[in-house]
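# Structure at a glance
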Amino acid sequence: MSSLAARAAARPKLLGTTRLAFRLSWRQLTFEKSRLAAAIAGVVFACLLVFMQLGFMTALLDSAGQTQRLLQADLYIVHKKTEALWRTQPFPRARLMQALALPEVEHVAPFYVALAPIRNPETGTTKTIMVFGFDPDSGLMVLPGLTEEARAKIRLPDTILVDERSRPDFGPFKELIERDGQVVTELAGRRVTVAGTIIHGASFASDGHAITSETNLLRLVPNRTFGHVDIGGVFLKPGTDVAAAMARLAPLLADDVMLLDQQGLIDFEQKYWSTQAPIGFIFGLGVAIGLLVGCVIVYQILFTDISRHIREYATLKAMGYGQGYLRRVVLAESLYLAVLGYIPGWLMAVGVYALAEAKIFIPMRMDFDKSVLVFGLIFGMCFVSGLLAVRKLKDADPASMF
């Protein structure tokens, strides 16, 4: 009981000295306003750098799965050598027919993907666009702008719909269609009619998208054949358990393809961009570098502050304050810097996100999860810097004052 009583009595004392440590650290930080401003600026720089790298990373992953989220099938057949949507490996259409052997399968739908140059109707320049081809009546893809009238249009020969959120380099298709009703241009060197627009959005894989019927795509894009499909959509009968049907269907397919549900298809695409594509590594490395730079900046600030006040720390030791109290003073300074640097860093990141989104035409979201994650990273960065800087407190020797 005596040890419990001693610990209970020690708690108020610890809380009291901790409050004193925070008060002392705040006064030290605010004593020289110019040094405090420089310290906060260093943390803001690290915070903004981390926010931007994470923002680009999440924008990369979100845009990577946007097409897959618009597909409506229950299961998908993909060639095992496919790397990503823009680097598919076509597989024989007969694999889709094999899926019909399962009684739970209602129907199947092929999905074709091609990259082709499209001519800007105003400037005459060409730029590569990603084109999706599918049966408009299959229900395979649902997206804003793909109305019944629009589906009827892409059944017409050499007719496409263009994404109105594509980069401006492709041309002002939306404005021209609103004025003239349709636009005539060239796709893959062939004359096509742009009969309307849909809403999809650019991605890191493609600056723009267009859709048409599978017949049109096979006619427009050279070296594509009816018998080879990029993605196969499998629609199950209503009420069918998707996981159970997937387990039963997989053994019926040939070894050159794999079977995925929609989330698996999204994860497959995002895995490519996060682990295989160089850009994913670059963004991840940018986060690490931002934290390292911030850690060095905060460490230098705290180390210099301890050096400048080493006599004061020695005096506190002589007055009976232990090493633990002095450590709490330094760590409190690091935590103050984390909070003071995070707030303006977050505000600046919101503005830069809006600017970047307007330039790259890819949504960059400042959500709650990202805000909390970055605060945790900045908090940890400053805390580690404080732990490294407290080693300088060993030089605070009361005997050196005499």
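What you are looking at is a predicted structure, and each value in this text was computed from that prediction instead of being measured.

### A closer look at the overall build of the chain
Broken down by element type, the chain carries 13 helices and 11 strands. Scaling as 2.2 N^0.38, a compact globule of 402 residues should have a C-alpha radius of gyration of about 21 Å, whereas the chain reaches 30 Å, well beyond that. A principal-axis box enclosing the C-alpha atoms of the chain has dimensions of 95 × 55 × 30 Å. Burial analysis of the chain (402 residues in total) assigns 47% to the buried set. Partitioning the contacts of the chain with sequence separation of at least 6, the portion at a separation of at least 24 is 79%. For the chain, the computed accessible surface area is about 19,300 Å², with 61% contributed by carbon and sulfur atoms. Averaging the locations of the 41 positively and 36 negatively charged side chains of the chain gives two centres separated by 12 Å.

### Details of the pattern of salt bridges
Across all of its chains, the model carries 18 salt bridges by this definition. With a closest N to O distance of 3.4 Å, Glu214 and Arg93 form a salt bridge. A residue pair is termed long-range when its members are at least 10 positions apart, and Glu214 in helix 7 (residues 214–220) and Arg93 in the loop between strand 2 (91–92) and helix 4 (94–99) qualify at 121 residues. Classification of Arg93 as buried rests on a relative accessible area of 16%. The partner of Arg155 in a salt bridge is Glu148, with the nearest N and O atoms 4.0 Å apart.

### Digging into the packing of aromatic side chains
With the rule as written, the count across this model stands at 11 aromatic pairs. Taking the centre distance of 5.2 Å and the plane angle of 55° together, the rings of Trp26 and Tyr336 count as tilted. Residue Trp26 is found in helix 1 (residues 2–31), and its partner Tyr336 is found in helix 12 (residues 323–360); the two are separated by 310 residues along the sequence. Look at Trp26 and you get partly exposed, because its relative accessible area is 36%. Using a relative accessible area of 24% as the deciding quantity, one classes Tyr336 as partly exposed. Three or more aromatic residues joined by ring pairs form one cluster here, namely Phe51, Tyr342, Phe375 and Phe379. Lys127 extends its terminal NZ or CZ atom over the ring of Phe170, reaching a point 5.8 Å from the ring centre.

### Description of the nonpolar core
By size, the foremost hydrophobic cluster in this structure holds 44 residues, and its most contacted members are Tyr313, Val330, Leu337, Val374, Ile378 and Met381. Of all the elements in the fold, those that place two or more residues in this core are helix 1, helix 2 (33–64), helix 10 (278–308), helix 11 (310–318), helix 12 and helix 13 (368–389). Listed in part, the 37 residues of the second largest apolar core include Val108, Tyr112, Val162 and Leu253.

### Side note on the packing of helix 12 against helix 13
Contact geometry for helix 12 and helix 13: axes closest at 9 Å, N-to-C directions at 145°. The handedness of the crossing between helix 12 and helix 13 is right-handed. Where helix 12 approaches helix 13, its residues Val330, Leu331, Ser334, Leu335, Leu337, Ala338, Val339, Tyr342, Trp346 and Tyr353 are matched on the opposing element by Lys370, Ser371, Val372, Val374, Phe375, Ile378, Phe379, Cys382, Phe383, Gly386, Leu387 and Ala389. In terms of residue class, the contact of helix 12 with helix 13 is built from 18 nonpolar, three polar and one charged.

### As for a nonpolar patch on the surface
A contiguous nonpolar surface patch, about 580 Å² in accessible area, is contributed by Val339, Ile343, Leu347, Phe375, Phe379, Phe383 and Leu387. Those elements that provide at least two residues to the nonpolar patch are helix 12 and helix 13. Among the elements that take part in the nonpolar patch, helix 13 stands out by supplying four residues, more than any other. Positionally, Phe379 belongs in helix 13.

### Comments concerning the state of the cysteines
Per the stated rule, a full pass over the model turns up zero disulfides. Between Cys47, a free cysteine, and Cys382, which holds the nearest cysteine sulfur, the sulfur-to-sulfur gap is 9.4 Å. Its sulfur unpaired, Cys295 is 8.3 Å from the next cysteine sulfur, which belongs to Cys382.

### Quick word on the confidence of the model for the chain
Scored by pLDDT, the chain has a mean of 87; 94% of the residues are at 70 or more. Here helix 1 stands out as the least confident element of the chain, with mean pLDDT 63; strand 1 (residues 75–79) is the most confident, with 97. Contacts for the low-pLDDT stretch residues 1–12, under 50 throughout, to residues beyond four places or in other chains number zero contacts.

### Observations concerning the side chain of Asn120
Position of Asn120 relative to the elements: it lies in the loop between strand 3 (105–119) and strand 4 (126–134). The class for Asn120 is buried, based on a relative accessible area of 5%. At a separation of 2.9 Å, a polar atom in the side chain of Asn120 contacts the main-chain carbonyl oxygen of Asp169. Residue contacts for Asn120: discarding those within four places in its chain leaves Thr125, Pro168, Asp169, Phe170, Gly171 and Pro172.

### A few points about the pairing of strand 7 (residues 190–198)
Of all nine residues that make up strand 7, seven are buried, and the element is covered over most of its length. Relative to strand 7, strand 5 (residues 159–163) runs parallel, the two sharing five bridges. Counterpart to Leu161 in the pairing with strand 7 is Gly196. Here five bridges tie strand 6 (residues 183–187) to strand 7, and the two strands are oriented antiparallel to one another. Paired with Glu186 across the bridge in strand 7 is Arg191. Counting the residues in the hairpin turn of strand 6 and strand 7 gives two residues, including Ala188, whose phi is positive at 55°.

What counts and what doesn't
Residues numbered from 1 in each chain as written. Predicted model: local features only at pLDDT ≥ 70, side-chain atom pairs only at ≥ 80, totals over all residues. Heavy atoms only, no water. Helix = DSSP H or I, 4+ residues; strand = E, 2+ residues; numbered from the N terminus. Rg over C-alpha atoms; globule rule 2.2 N^0.38 Å. Buried < 20%, exposed > 50% of the residue type's maximum accessible area, 1.4 Å probe, protein only. Contact = heavy atoms within 4.5 Å. Areas by Shrake-Rupley, 256 points an atom, 1.4 Å probe, with all protein chains shown as cover. Lys, Arg positive; Asp, Glu negative; His and termini not counted. Charge placed at Lys NZ, Arg CZ, Asp CG, Glu CD. Salt bridge = Lys/Arg side-chain N within 4 Å of Asp/Glu carboxyl O. Phe/Tyr/Trp six-rings, centres within 6.5 Å; stacked < 30°, edge-to-face > 60°. Lys NZ or Arg CZ within 6 Å of the ring centre and 35° of its normal. Core = buried A, V, L, I, M, F, W, Y, C linked by side-chain atoms within 4.5 Å. Axes fitted to C-alpha atoms, helices over the stretch in contact; angles between N-to-C directions. Left-handed = near helix turned anticlockwise from the far one by under 90°. Nonpolar A, V, L, I, M, F, W, Y, C, P; charged D, E, K, R; others polar. Patch = residues over 30% accessible without salt bridge, like charges linked within 9 Å, V, L, I, M, F, W, Y side chains within 5 Å. Disulfide = S-S within 2.5 Å. pLDDT = per-residue confidence, 0-100. Polar contact = N/O pair within 3.5 Å; in protein donor to acceptor, adjacent residues only side chain to side chain. Pairing = 2+ DSSP bridges.

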